[in-house]
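One letter stands for each residue in the lines below.
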Amino acid sequence: SNSMKTKSWLLAVVTGIILLAGIQSCKKDMAEPIVEPIPSGPFTVTLPNNPVVLSVAGKVTDENNNPVVGATVTGGGKSVTTNAQGFFKISQGNFNGNYGTIRIEKVNYFTLVKTIQSKSGATQYIIGKLSPKTLIGKVGTAGGTINFAGGMASVSFPENAFLNSAGNAITDSVNIYATYLDPTAADINQRMPGNLAGVEAPSTAYQLQSYGMLAVELKDAGNQTVKLAPGKKATINANIPASLTAS
């Protein structure tokens, strides 16, 4: 429509995943995370080389704000699982540089990697909202295009595009799992990976602007990861929300 523009990305998929991610000391009365805005940049950052010890606590939910039980949360050289309320705490983790990462994993959800500020001796709080791996369609050897997210996004594959984990051609249909992250959604900071800071070597960072994010995963009939054959590329299209077209 005239109210939205379309961005198109041509991506080579190597791993089959495209991304435009014991209960310890839970905090049942945990406050909302303190979100410190990133300067508009450029600004100076410390790249990962300075050891920092800090704790990270938080909550993991699904797309409907329900707690996710048993999610694996990894960071700072430690791994814990979320409790019945979705809470977790990593105590005295070893991180590097000004920013650290927390990896959140749960079966049937896309892995989410959150970025935290590494402040020595502090306890950082995060909320991670996992996106479900939704089957949006199947693509066979002839290739094809699948539209999803109410027409906001699509993914296209050429013919004879898929290989199994052993590198052999797949002759039946491949399951396409995907989710679309709306950059204008109120919960985008909880659902998106990272924190939209782009680092240019050696130590300059910039604030980035998102016009939409997609996660796509390819699986065969046995639920094994599928990759694209050499020279084959997937085309990803995402409409820019009308409210962002002027920017």
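Below: a short report on this structure. Every value quoted in this text rests on a predicted model; they were computed, and no experiment measured them.

It is worth spelling out the sheet that holds strand β5 (residues 72-75) at this point. Taken in spatial order, the four strands make up an open sheet running β6-β5-β8-β9, and their pairing is antiparallel. Each of the sheet's edge strands pairs with one partner strand only, and the pair in question is β6 (78-81) and β9 (112-117). If you compare each strand with its neighbour and ignore which way they point, the axes differ by 25 degrees on average. In this structure, β5 lies alongside strand β8 (residues 99-105), joined through three bridges in antiparallel fashion. Across the sheet, residue V73 finds its bridge partner in β8, namely I104.

It is worth spelling out the nonpolar core at this point. Among the nonpolar cores identified, the biggest contains 23 residues, and F148, V155, F157, F162, I176 and L218 are the most heavily contacted of them. Elements with a minimum of two residues in this core: β11 (134-139), β12 (144-148), β13 (153-157), β15 (174-181), β18 (213-219) and β20 (234-239). If one sorts the elements of this core by residue count, β15 sits on top with four residues. Non-local contacts of F157, meaning those with residues more than four positions away in its chain, are made with V139, G143, G144, F162, I176, L218, L228 and A234.

What follows concerns the pattern of salt bridges. Overall, the coordinates contain four salt bridges when judged by the stated rule. The partner of R103 in a salt bridge is E105, with the nearest N and O atoms 3.4 Å apart. Residue class for E105 comes out partly exposed when judged on its relative accessible area of 30%. Measuring nitrogen to oxygen at the nearest pair gives 3.0 Å for the salt bridge that ties K133 to E217. Of this pair, K133 sits in the loop between β10 (123-129) and β11 while E217 is found in strand β18, placing the two residues 84 residues apart along the sequence. Overlapping salt bridges, with partners in common, bring together K133, E217 and K219 in one network.

Let us now look at the sheet that holds strand β4 (residues 51-61). Within the open sheet, the three strands sit side by side as β7-β4-β10. Their pairing is mixed. Looking at strand neighbours, the two that pair on one side only are β7 (87-96) and β10, the edges of this open sheet. Adjacent strand axes in the sheet meet at a mean angle of 30 degrees when their direction is disregarded.

Among the eight residues of β15, eight are classified as buried, and the element is accordingly described as predominantly covered. Side chains V174, I176, A178 and Y180 of β15 all project onto a buried face; the interleaved residues N175, Y177, T179 and L181 project onto the opposite face, where all are buried too. In terms of strand pairing, β11 meets β15 through five bridges, oriented antiparallel. Bridge pairing in β15 places G137 opposite I176. Both β15 and β18 contribute to a ladder of seven bridges, which runs antiparallel. Bridging from a neighbouring strand, Y180 pairs with L214 of β18.

Definitions and cut-offs
Residues numbered from 1 in each chain as written. Predicted model: local features only at pLDDT ≥ 70, side-chain atom pairs only at ≥ 80, totals over all residues. Heavy atoms only, no water. Pairing = 2+ DSSP bridges. Helix = DSSP H or I, 4+ residues; strand = E, 2+ residues; numbered from the N terminus. Axes fitted to C-alpha atoms, helices over the stretch in contact; angles between N-to-C directions. Core = buried A, V, L, I, M, F, W, Y, C linked by side-chain atoms within 4.5 Å. Buried < 20%, exposed > 50% of the residue type's maximum accessible area, 1.4 Å probe, protein only. Contact = heavy atoms within 4.5 Å. Salt bridge = Lys/Arg side-chain N within 4 Å of Asp/Glu carboxyl O.

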